[in-house]
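Architecture and fold: a report
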Protein chains: 2
Amino acid sequence: MTRKPEPEVAPRPLTPVELELMHIVWRLGEVSVADVLAALPPERALAYTSVSTVLRILEQKGVVHSRKQGRGHLYSAVLPRDAYEAQSVRHLVETVFDGTPSALVARLVEAVPLSASDMDQLRKLLDAKGRKP
Amino acid sequence: MTRKPEPEVAPRPLTPVELELMHIVWRLGEVSVADVLAALPPERALAYTSVSTVLRILEQKGVVHSRKQGRGHLYSAVLPRDAYEAQSVRHLVETVFDGTPSALVARLVEAVPLSASDMDQLRKLLDAKGRKP
DNA sequence: CGCAAACTACTAAGGGCTTAGTTTCAAATC
DNA sequence: GATTTGAAACTAAGCCCTTAGTAGTTTGCG
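Residues numbered from 1 in each chain as written. Chains lettered and ligands numbered in written order. Predicted model: local features only at pLDDT ≥ 70, side-chain atom pairs only at ≥ 80, totals over all residues. Heavy atoms only, no water.

1. Brief notes about the domain arrangement of chain A
- Taken domain by domain, chain A comprises domain 1 (16-77) and domain 2 (81-131).
- Put simply, the middle of domain 1 of chain A and the middle of domain 2 of chain A, counted by C-alpha atoms, are 29 Å apart. (Domains from an automatic or database assignment.)

Now the structure itself:
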């Protein structure tokens, strides 16, 4: 009967800095503190120790995993980006849109500038979803 | 040339309790502390003073306005719910979906259970938007 | 007018987030 | 093997959020 693996009901959203670093981890795969530091935009001058601290916090929260390598550590994501995106959308639907997904989309098409190709994309998404429910 | 009134570029998202109370303010219109307290679900037993404090913080942030009435104050929303919804969606698109709105919708249709009427709704939204760009 | 009730302002404590310095530890090099 | 070096752990300060108590003020009523 294969229990569906849904261990994360509603883990707290990542904080801004955590999310900022996670984007780098997701993009690069397995990274050292130095890698993350290097991947930050030039105007974002975090100290080495600050990045290190945040990565350690992320590990403590179970969002990343670390393995020892040479002098330092390599960090990689435990929480896939997909899963975090899903979690974020659900959270927004829940907290701001009264659990009504279409209300979110309604606001989106009204409040965010959408290109023609964006619109195409959306239509395709709905068609794909609609055909095999 | 009528300057477009867009004073709020990216105000901080409301905190969980702030949002919780704002939902009540948006729903009821103009409320006293006691009104808000009464509108909270029974299991959510906040102290009168806690509600009062949060409303005062909201006022300080410019999210609500208060006017004196009788013994106490009446609070009403300055930030309309629409605007906050828009702001929230934009924020999510920006911070989690790399500024790509269709990525959000893609994740939504995949990660949130959508009813048939939800799907209808969405299709209508897109059609309406698509016809007069 | 004076008192009781209601309401607000002040204050505070606990916890988490952000940032980063200091210290300690391990590794590479000579 | 000892020294240098670079990274991680520990620590901390500042700020905000949440919750609520206390004290002080206003108001309505007798």
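2. Thoughts on the protein's contact with DNA strand D
- In the region of DNA strand D, 22 residues are neighbours, and Tyr48(A), Arg56(A), His73(A), Thr15(B) and Thr53(B) sit closest.
- Among the atoms of DNA strand D lying within 4 Å of the protein, the sugar-phosphate backbone contributes 70%.
- Take Val17(B): an N or O atom from its main chain is 3.5 Å from a phosphate oxygen of DNA strand D.
- Of all the secondary structure elements, the ones that give two or more residues to the surface near DNA strand D are helix H3 (48-60) and strand E3 (72-77) of chain A together with helix H1 (16-28) and helix H3 (48-60) of chain B.
- Looking at the surface near DNA strand D element by element, the count peaks at 5 residues for H3(B).
- The residue makeup of the surface near DNA strand D, split by class, is 8 nonpolar, 9 polar and 5 charged. (Near = heavy atom within 4 Å. Polar contact = N/O pair within 3.5 Å; in protein donor to acceptor, adjacent residues only side chain to side chain. Helix = DSSP H or I, 4+ residues; strand = E, 2+ residues; numbered from the N terminus. Nonpolar A, V, L, I, M, F, W, Y, C, P; charged D, E, K, R; others polar.)

3. Notes on the interface of chain A and chain B
- Taken together, the contact pairs 37 residues of chain A with 37 residues of chain B.
- Contact between chain A and chain B buries roughly 3,600 Å² in total, counting both sides, with carbon and sulfur atoms accounting for 72%.
- Applying the counting criterion to the chain A and chain B interface returns 8 salt bridges.
- Among the ionic pairs, Arg123(A) bridges to Asp127(B), the shortest N-O distance being 3.8 Å.
- Counting every contact that joins chain A to chain B gives 14 residue pairs in polar contact (both at pLDDT 80 or more).
- Counting only elements with at least two residues in the side of chain A that touches chain B, the list comes to helix H1 (16-28), helix H4 (81-96), helix H5 (101-111) and helix H6 (116-131) of chain A.
- Broken down by element, the side of chain A that touches chain B gets its largest block of residues, 12 residues, from H4(A).
- Class assignment for the residues of the side of chain A that touches chain B results in 21 nonpolar, 6 polar and 10 charged. (Contact = heavy atoms within 4.5 Å. Buried area = accessible area lost by both parts, 1.4 Å probe. Salt bridge = Lys/Arg side-chain N within 4 Å of Asp/Glu carboxyl O.)

4. Notes on the protein's contact with DNA strand C
- The environment of DNA strand C is formed by 21 residues, the closest being Thr15(A), Ser50(A), Thr53(A), Arg56(B) and His73(B).
- Close to the protein, within 4 Å, the atoms of DNA strand C belong to sugar or phosphate groups at a rate of 67%.
- One of the side-chain nitrogen or oxygen atoms of Arg44(A) is found 3.4 Å away from a phosphate oxygen of DNA strand C.
- In the environment of DNA strand C, a phosphate oxygen lies 3.1 Å from a nitrogen or oxygen atom belonging to the side chain of Tyr48(B).
- Elements with a minimum of two residues in the surface near DNA strand C: H1 and H3 of chain A together with H3 and strand E3 (72-77) of chain B.
- Partitioning the surface near DNA strand C into residue classes produces 8 nonpolar, 8 polar and 5 charged.

5. A few points about the nonpolar core
- Membership of the largest hydrophobic core comes to 68 residues, with the highest contact counts inside it found for Leu55(A), Val89(A), Leu55(B) and Val89(B).
- Residues contacting Val89(B), with those up to four places away along its chain left out, are Leu92(A), Phe97(A), Leu104(A), Arg107(A), Leu108(A), Val112(A) and Leu104(B). (Core = buried A, V, L, I, M, F, W, Y, C linked by side-chain atoms within 4.5 Å. Buried < 20%, exposed > 50% of the residue type's maximum accessible area, 1.4 Å probe, protein only.)

6. What to know about the packing of H4(A) against helix H5 (residues 101-111) of chain B
- The contact between H4(A) and H5(B) brings their axes to 9 Å, and the two run at 85°. Considering the angle they form, H4(A) stands roughly perpendicular to H5(B). Together, Asp82(A), Glu85(A), Ala86(A), Val89(A), Arg90(A) and Val93(A) of H4(A) and Leu104(B), Arg107(B), Leu108(B) and Ala111(B) of H5(B) make up the contact between the two elements.
- The class makeup of the residues in the contact of H4(A) with H5(B) is 6 nonpolar, no polar and 4 charged. (Axes fitted to C-alpha atoms, helices over the stretch in contact; angles between N-to-C directions. Parallel < 35°, antiparallel > 145°, perpendicular 65-115°, else oblique.)

7. Considering the environment of Tyr84(A)
- Here Tyr84(A) shows up in helix H4.
- The exposure class assigned to Tyr84(A) is buried, which follows from its relative accessible area of 4%.
- Along the backbone, Tyr84(A) and Leu46(A) are 38 residues apart, and their C-alpha atoms lie at a distance of 24 Å.
- Contact partners of Tyr84(A), with chain neighbours within four places excluded, come to Pro13(A), Leu14(A), Leu19(A), Trp26(A), Leu79(A) and Val96(B).

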